[in-house]
Amino acid sequence: MPSITRDQVRVPVDVPAEARETYIDNYLAATRGTGRLMLFACDQKVEHLNDDFYGDGIAPEDAEPEHLFRIGDQGICGVLAGQRGLIAQYAADYPDINYLVKMNSKTHLVKTSAKDPAKHQDDPYSPQLYDIQTVLDLRDNGVNAVGVGYTIYLGSEYEANMMQEAGQLIADAHSMGLLVVLWIYPRGKAVIDEKDAHLIAGAAGVAVSLGADFVKVNPPKGDDEKSSAEKLKEAAAAAGRTGLVCAGGSTVDAKTFLTQLWEQIHVGGASGNATGRNIHQRPLDEAVRLTKAISAITLGDWPVDDALAVFEGEKEFTV
């Protein structure tokens, strides 16, 4: 199992001296002492409304928000990422979870895809919903708030607003010893192919330029010459000292998902994963086992077959 010590945590120089130890504490907590991030994404209740939580193929318990926290509490995750209000409602009952507060969100009702111009209503904009003090208030009230998250839609005509908000948020968060994960998705009328590897690498470069600690991107499309994981290498290189993690996407079978994850890390150079629907749309026991299987690969460097055995209940993984 990979591990890092306190003196191996690279602290950005915009973190003031009085916040360095807090930053190191938060980094080690979020990465479970490995330097890799296992992010359980629970922000879709705004992003996708109830589409991800109710319907065919979705476990009935996913209709209730507390399902997310039960998974985070019983499973193995680095951080549970969700909006401030969602965390505020449930964190007191689940004090052992590390939380990442998502600072901006929008719904999917306004259509922003350039694939069908006739359905394109507006370029995406996801404004910041609250300031850093609200996160500090959660922390002061005993919540393990180790960081914040923010989404930028690169290529949107509103990208300048989002980049400005993200840049200031990173400065503010680092001044308090908090980590920052940027979600960066190229999207809008100017973007023809959101899954283009070169464009995704550009997004990763924006993340390191803004000073993010981790960046969440969509995995690029593979083709006949290179797989998705092979194409991801460009983005991992462009991210530099910002850890690159891939979004999990829609639910697929466990072996396919775990294989993709292993390849993203060991072929593509990713520094972890960010998974939502693939976890929480399953019944509790199955979802918990999947977090452990994902963490076996992300945090433990286990091979796919061993991680699949964890998912199937044949092996156990702990940190």
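For the structure, check the block above.
Since the model is a prediction, treat every value here as computed from it, not as a measurement.

Peer 1: Please clarify how the nonpolar core should be interpreted in this entry.
Peer 2: Nonpolar side chains in soluble globular proteins tend to be buried together. Of all hydrophobic cores here, the largest spans 99 residues; its most connected members are Leu-39, Tyr-99, Val-148, Leu-182, Ile-184, Leu-244 and Leu-258. Among all residues touching Leu-244, those that are not within four sequence positions of it are Ala-204, Val-215, Val-217, Leu-232, Ala-235, Ala-236, Ala-239, Ala-270, Ser-271 and Gly-272.

Peer 1: In this structure, what is going on with the pairing of strand β5 (residues 179–184)? I would like to understand it.
Peer 2: Along a regular strand, successive side chains alternate from one face of the sheet to the other. By the criterion of burial, β5 is predominantly enclosed, with six of the six residues buried. Covered by surrounding structure in β5 are Leu-179, Val-181 and Trp-183 together with Val-180, Leu-182 and Ile-184, the residues of both alternating faces. With six bridges connecting them, strand β4 (residues 145–152) and β5 associate as parallel partners. In the sheet register, Gly-149 faces β5, and the bridge partner there is Val-181. As for the winding sense of the linkage, the β-α-β connection from β4 through helix α6 (residues 159–175) to β5 is right-handed. Relative to strand β6 (residues 214–217), β5 runs parallel, the two sharing three bridges.

Peer 1: How should I be thinking about the packing of aromatic side chains in this particular structure?
Peer 2: The geometry of two aromatic rings is summed up by the distance between their centres and the angle between their planes. Under the defined criterion, the tally for this structure stands at eight aromatic pairs. Taking the centre distance of 6.0 Å and the plane angle of 20 degrees together, the rings of Tyr-27 and Phe-214 count as stacked. Of this pair, Tyr-27 sits in helix α1 (residues 20–30) while Phe-214 sits in strand β6, and the two are 187 residues apart along the sequence. Classification of Phe-214 as buried rests on a relative accessible area of 2%. Ring plane angle 85 degrees and centroid distance 5.2 Å describe the contact between Trp-302 and Phe-317, whose orientation is recorded as edge-to-face. Of this pair, Trp-302 sits in the loop between α11 (284–298) and α12 (304–311) while Phe-317 is found in the segment after α12, placing the two residues 15 residues apart along the sequence. Judged by its relative accessible area of 2%, Phe-317 is buried. Across the ring face of Tyr-130, the terminal group of Arg-84 is positioned such that the distance to the ring centre comes to 5.4 Å. One Lys or Arg, Arg-289, reaches over the ring of Phe-311 and ends 5.5 Å from the middle of that ring.

Peer 1: In this structure, what is going on with the sheet that holds β4? I would like to understand it.
Peer 2: Strand pairing in a sheet is mediated by backbone hydrogen bonds. Such pairs are either parallel or antiparallel. Taken together, the eight strands give a closed barrel; going around it, the order is β1-β2-β3-β4-β5-β6-β7-β8, and neighbouring strands pair in parallel fashion. Strand-to-strand twist across the sheet, computed as the mean angle between neighbouring axes with direction ignored, equals 25 degrees. Across the face of the sheet, α1 comes into contact with β1 (37–41), β2 (79–83), β4, β5 and β6 while running at roughly 55 degrees to β5. The strands touched by α11 are β1 and β8 (272–275); relative to β1, the strand with the most contacts, the crossing angle is about 155 degrees.

Peer 1: Could you clarify how one ought to interpret the pattern of salt bridges in this entry?
Peer 2: Enumeration over the complete set of coordinates arrives at 16 salt bridges. Note that Arg-70 and Glu-66 form a salt bridge whose closest N and O atoms lie 3.7 Å from each other. Note that Arg-70 and Glu-66 are positioned in helix α3 (residues 66–74) at a spacing of four residues, about one turn of the helix. The class of Glu-66 is buried, set by a relative accessible area of 19%. In this structure, Lys-189 and Asp-123 form a salt bridge, with 3.3 Å as the shortest nitrogen-oxygen distance.

Peer 1: Please clarify how helix α5 (residues 132–140) should be interpreted in this entry.
Peer 2: Within an α-helix, residues lying three or four positions from one another point in the same direction, as the helix has 3.6 residues per turn. Within α5, burial applies to Ile-132, Val-135, Leu-136 and Leu-138. One face of α5 carries all of its buried residues, which in axial projection span an arc of 155 degrees. Where α5 is buried, its residues contact α4 (84–90), β3 (99–102), β4 and α6. The N-cap residue of α5 is Asp-131: its side-chain oxygen and the backbone nitrogen of Gln-133 are 3.0 Å apart. Backbone geometry just downstream of α5 places Gly-142 in the positive-phi region, at approximately 95 degrees.

Cut-offs used in this document
- Residues numbered from 1 in each chain as written.
- Predicted model: local features only at pLDDT ≥ 70, side-chain atom pairs only at ≥ 80, totals over all residues.
- Heavy atoms only, no water.
- Core = buried A, V, L, I, M, F, W, Y, C linked by side-chain atoms within 4.5 Å.
- Buried < 20%, exposed > 50% of the residue type's maximum accessible area, 1.4 Å probe, protein only.
- Contact = heavy atoms within 4.5 Å.
- Helix = DSSP H or I, 4+ residues; strand = E, 2+ residues; numbered from the N terminus.
- Pairing = 2+ DSSP bridges.
- Right-handed = clockwise from strand over helix to strand, strands pointing away.
- Phe/Tyr/Trp six-rings, centres within 6.5 Å; stacked < 30°, edge-to-face > 60°.
- Lys NZ or Arg CZ within 6 Å of the ring centre and 35° of its normal.
- Axes fitted to C-alpha atoms, helices over the stretch in contact; angles between N-to-C directions.
- Salt bridge = Lys/Arg side-chain N within 4 Å of Asp/Glu carboxyl O.
- Arc of directions from axis to C-beta.
- Polar contact = N/O pair within 3.5 Å; in protein donor to acceptor, adjacent residues only side chain to side chain.

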